[in-house]
Structures are given as C-alpha cells and as structure tokens.
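Residues per chain are reported as follows:
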Amino acid sequence: YPRGLIRYATEESLAGRASRILRPRVIAYALLLAAGFGAFGWSVTHRLPLLVDVVRDRNALYRVASDGAIENAYTLKIMNKGNAVQNFLISLEDEATVTLAGGSPQAVTVQAGEVLAVPVTLRAAAGSIRGRSDVEFVVAAADEPGVHYEAESRFFGPVP
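1. Digging into the sheet that holds strand S4 (residues 86-92)
Strand order across the open sheet formed by 4 strands is S6-S4-S8-S9, with antiparallel pairing between neighbours. Bordering the open sheet on either side are strand S6 (106-110) and strand S9 (148-156), each of which pairs with just one other strand. Averaged over neighbouring strand pairs, the angle between their axes works out to 25 degrees when direction is ignored. Pairing geometry for strand S8 (residues 132-141) and S9, over 9 bridges, is antiparallel. From the neighbouring strand, Val138 faces S9, where its bridge partner is Glu150.

Quick look at the structure:
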C-alpha cells in the first residue's frame, strides 16, 4: 500500500489546495466556548454566600393560640456558603398583619459551610387573616449589609 493512505487530512489538502484553519465553524465554537467560560467566571465571582429554604410545618395549616391569634410554624434552613462564621437577622418584609412570634428581628449564628434549621412561628391577630396570604422572610447578614436573601412562603388562616 502507498505511504500516507490512512491519515488525518481534509479534502482540500488531498486535492493539493491550501486548507484554512480559521473557518466560520471554528470561530463560532471558539466564541461559544469563550462565552461559557465567561459565564462560569461571572457566576463564581458573584456567588451569594447565603441560601435560605422555607419549609412549612407538615402538621396543621394553622393553629389558634389561647388569645385567639392565628399561628403558622415554619423551619428556615439557612445555608452559610461562606468561609467564616456569620450572624444573620431573620425578619419579615411587611409586618403589617403578620409578625414573628418572639419579636423581630431574630438573630442566629451560622458556622461556615453549615446548614442551620431554625424553627420560626408567625402570628396574626384574631380576624386579621382570612384564607391564604403571602409572606416574605428576609435573612440578612448582621456584619455585611450587602448579603441578604428573601424567601417567599404562604400564611394560612381560617377560611370564612
């Protein structure tokens, strides 16, 4: 068999013409790869060091306290993705009708890389909530004003 029968070559080089390395497809793939690396780099440098997940209590939708107030129980799972211990403040976005039982804001300390489960109870005055109402938890770092996370949930009361 002749030498070079099996080789990596383009049709252009087999025909004796000069082959181009910078073809439109190669340029498009290079641009897509650069955009992917850029997006990855941006996501790593702008990563929020806090994540909050709100889990409602699975027992009852609501409970009626001895003074007639409506209460809902939640568990906030606060994830500190930073490298240092953080102090966080838990509050509500709008405390007009629904408030945190025990006062607002509540302070918690979360170790670096830890997921802390914090039980939280929300209260509404008797007769102020009917059915479902949206609430928004705000967890903010006490030491760093730019680090905060807002998580939505639902507050349930008696249906009229």
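That was the structure; now back to the text.
2. Let's talk about the environment of Asp134
Mapped onto the fold, Asp134 is located in strand S8. Through-space distance from the C-alpha of Asp134 to that of Phe40 is 34 Å; in sequence the pair is 94 residues apart. Not counting residues within four places of it along the chain, the set of residues in contact with Asp134 comprises Ser153 and Arg154. A distance of 3.3 Å separates the side chain of Asp134 from the side chain of Arg154, its partner in a polar contact.

3. Quick look at the nonpolar core
Grouped burial of nonpolar side chains is what soluble globular proteins tend to show. Formed by 26 residues in total, the largest nonpolar core has its most connected members in Leu76, Ile78, Phe88, Val98, Leu122, Phe137 and Phe155. Secondary structure elements with two or more residues in this core: strand S1 (50-56), strand S3 (70-80), S4, strand S5 (98-100), S6, strand S7 (115-124), S8 and S9. Those residues in contact with Val98 that sit more than four places away from it in its chain are Leu92, Leu122, Arg123, Ala124, Ile129, Val135 and Phe155.

4. Topic: the pairing of S6
In S6, alternate side chains face the same way, and those of Gln106, Val108 and Val110 are buried while those of Ala107 and Thr109 on the opposite face are not. Pairing between S4 and S6: 5 bridges, direction antiparallel. For Gln86, the partnering residue across the bridge sits in S6 and is Val110.

The rules we used
Residues numbered from 1 in each chain as written. Predicted model: local features only at pLDDT ≥ 70, side-chain atom pairs only at ≥ 80, totals over all residues. Heavy atoms only, no water. Pairing = 2+ DSSP bridges. Helix = DSSP H or I, 4+ residues; strand = E, 2+ residues; numbered from the N terminus. Axes fitted to C-alpha atoms, helices over the stretch in contact; angles between N-to-C directions. Contact = heavy atoms within 4.5 Å. Polar contact = N/O pair within 3.5 Å; in protein donor to acceptor, adjacent residues only side chain to side chain. Core = buried A, V, L, I, M, F, W, Y, C linked by side-chain atoms within 4.5 Å. Buried < 20%, exposed > 50% of the residue type's maximum accessible area, 1.4 Å probe, protein only.

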